[in-house]
Amino acid sequence: MKKTDKPGSSLFVRRIGRLLTMEPGEGSDGTGTQDAAVVIRDGEVLFAGPESDVDREAVRGMPILDAGQGLVTPGLVDCHTHLVFAGSRADEFEARGAGLSYEEITRRGGGIIRTVESTRAASRDELFTSALPRVWMALRQGITTLEVMSGYGLNLEAELRILEVVRDLDRATPSDIVPTFLGAHAVPPEARDDRERHVDAIVKEWIPAVVEADLARFCDCFCETVAFSRKEAGKVLRAGLEAGLIPKVHADQLSRSGGSQLAAEIGAVSAAHLDFASKNDLDAMARKGVVGVLLPGCGISLGQTRFPEGGPLLDAGMRVALSTDFNPGTSMTQNLTLMGTLAMAYMGMTIGETWAAITSSAAAALGLSHRVGRLAPGYQGDLVVFHTNEPREPFYEYGGSQVSKVVKRGVVVVQRSEEGEISLPAGT
Ligand code: NIG
Ligand code: FE
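Attention here is on the structure that accompanies the text. (Residues numbered from 1 in each chain as written. Chains lettered and ligands numbered in written order. Predicted model: local features only at pLDDT ≥ 70, side-chain atom pairs only at ≥ 80, totals over all residues. Heavy atoms only, no water.)

**Some details on the site of ligand 1**
(1) Moving on: Residues in close proximity to ligand 1 total 16 residues, the closest being Arg89, Tyr102, Tyr152, Gln253 and Thr330.
(2) Moving on: For ligand 1, an oxygen atom lies 2.5 Å from a polar atom in the side chain of Tyr102.
(3) Moving on: Within the side chain of Tyr152, one N or O atom sits 2.6 Å away from an oxygen atom of ligand 1.
(4) Moving on: Notes on ligand 1: free accessible area 320 Å², of which the protein chains cover 100%.
(5) Moving on: Placement of ligand 1 is best described as lying within the largest cavity. (Near = heavy atom within 4 Å. Polar contact = N/O pair within 3.5 Å; in protein donor to acceptor, adjacent residues only side chain to side chain. Areas by Shrake-Rupley, 256 points an atom, 1.4 Å probe, with all protein chains shown as cover. 1 Å grid on protein atoms, 1.4 Å probe; cavity = no way out; pocket = protein on both sides within 12 Å on 5 of 7 lines; lining within 4 Å. Sits in = over half its atoms within 2 Å of the grid points.)

**Some words on unusual backbone geometry**
(1) Moving on: With phi around 50 degrees, Asp252 is a residue other than glycine that occupies positive phi space.
(2) Moving on: With respect to the secondary-structure elements, Asp252 resides in the loop between strand E10 (246–251) and helix H9 (259–266).
(3) Moving on: Phi at Leu274 takes a positive value of approximately 65 degrees, unusual for a residue other than glycine. (Helix = DSSP H or I, 4+ residues; strand = E, 2+ residues; numbered from the N terminus.)

**Notes on the environment of Arg319**
(1) Moving on: Looking at the secondary structure, you find Arg319 in the loop between helix H12 (311–316) and strand E13 (320–322).
(2) Moving on: Judged by its relative accessible area of 32%, Arg319 is partly exposed.
(3) Moving on: A distance of 3.5 Å separates the side chain of Arg319 from the side chain of Ser361, its partner in a polar contact. (Buried < 20%, exposed > 50% of the residue type's maximum accessible area, 1.4 Å probe, protein only.)

**A closer look at helix H5 (residues 124–140)**
(1) Moving on: Taking 1.5 Å as the rise per residue, H5 with 17 residues should run 24 Å; its terminal C-alpha atoms sit 25 Å apart, in good agreement.
(2) Moving on: By the burial criterion, the buried members of H5 are Leu127, Ala131, Arg134, Val135, Trp136, Ala138 and Leu139.
(3) Moving on: Elements that come into contact with the buried residues of H5 comprise helix H4 (112–121), strand E7 (143–149), helix H6 (156–172), strand E8 (176–184), strand E15 (403–408) and strand E16 (411–416). (Expected span 1.5 Å × (residues − 1). Contact = heavy atoms within 4.5 Å.)

Take a look at the structure:
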């Protein structure tokens, strides 16, 4: 899934009040470098560090972006979203508030299947039109790379349609959108009487078709009592791996159902949720270098009073990413810095761990550690300028946004005017 159609530009970002490059060690206490600059040439970082060290020859004639003494970080990475869907499940959110559980709602015919019905009924154009502003909403929050999964089609035709929309969104916006095939998200009603045949179809027909059309980089699977067993999920992920799709897992979200063990066994790039993963599970995943993806937005939507803890994962030696899990059922939010607020307030994560979780570690969860999530020579010129120069502020002030400007491959793609309005380039 190489991108050749998005050339980069050159930009000299100067007067940075505080720079977090997220280079190993640098962001660990959230302090970063003061009075800094970033030089981007042809979309790639050439230099990131003290402004006094900038090679004046290298920046001669380059367009300048004045960071106004604000905080600058790498472009944020949202490594787990289900952004292409139709319809709303606000009524389920309300029902949970009144005491019904997610599983009970699913058993009564709600849940993923309801979104599948509305998504199947939507045309490709309708799906694209509803998803496009969501990608721009992500950009406004500073998210310059995001993963988007299929999983609300659940038949081959609808799954391919969603993945085509994901590809088109990538082409139509400055964002890098990483596509994931999540055909094994739930068992659709028409397949309930013969699950084995259904899993067989995913393995023998769907995966080859997705790979043939070059529509996904990853294969994910919802391993859970209300979705696929560890054995079924294993079949799907192994078939994906053999066909060239890197495995990821929705693991141990609602119960300890074997997803983490499977992630370790198969060497998944990342495992998401992990609310019920045991210490042994975490140790096994750490040994295999699986990145843990925590999704505290689900805690809000599911009405939980506990959030997944970052400490046990980090103690086990796992890298920890945070993501919105943006989806209509369990996490109707695109606010990635709000996830950082929850991480600091409820999940025992430090400021440095929190920044890493939405930049460098989130990039690792997508196998993109070499390209995004850091500001160092050779990395993509993706960055966010915040109004504040204090690294805690974007999490301390929750629910809003402190984003001032967003740069993608050296191009300013979002900017806030002095009145607080956000203006976007023409045509968006
Ligand atoms: O990541 N866990 C599985 N999938 C989604 C929920 C999807 C839905 O309820 O529509 C998640 O939480
Ligand atoms: Fe998810």
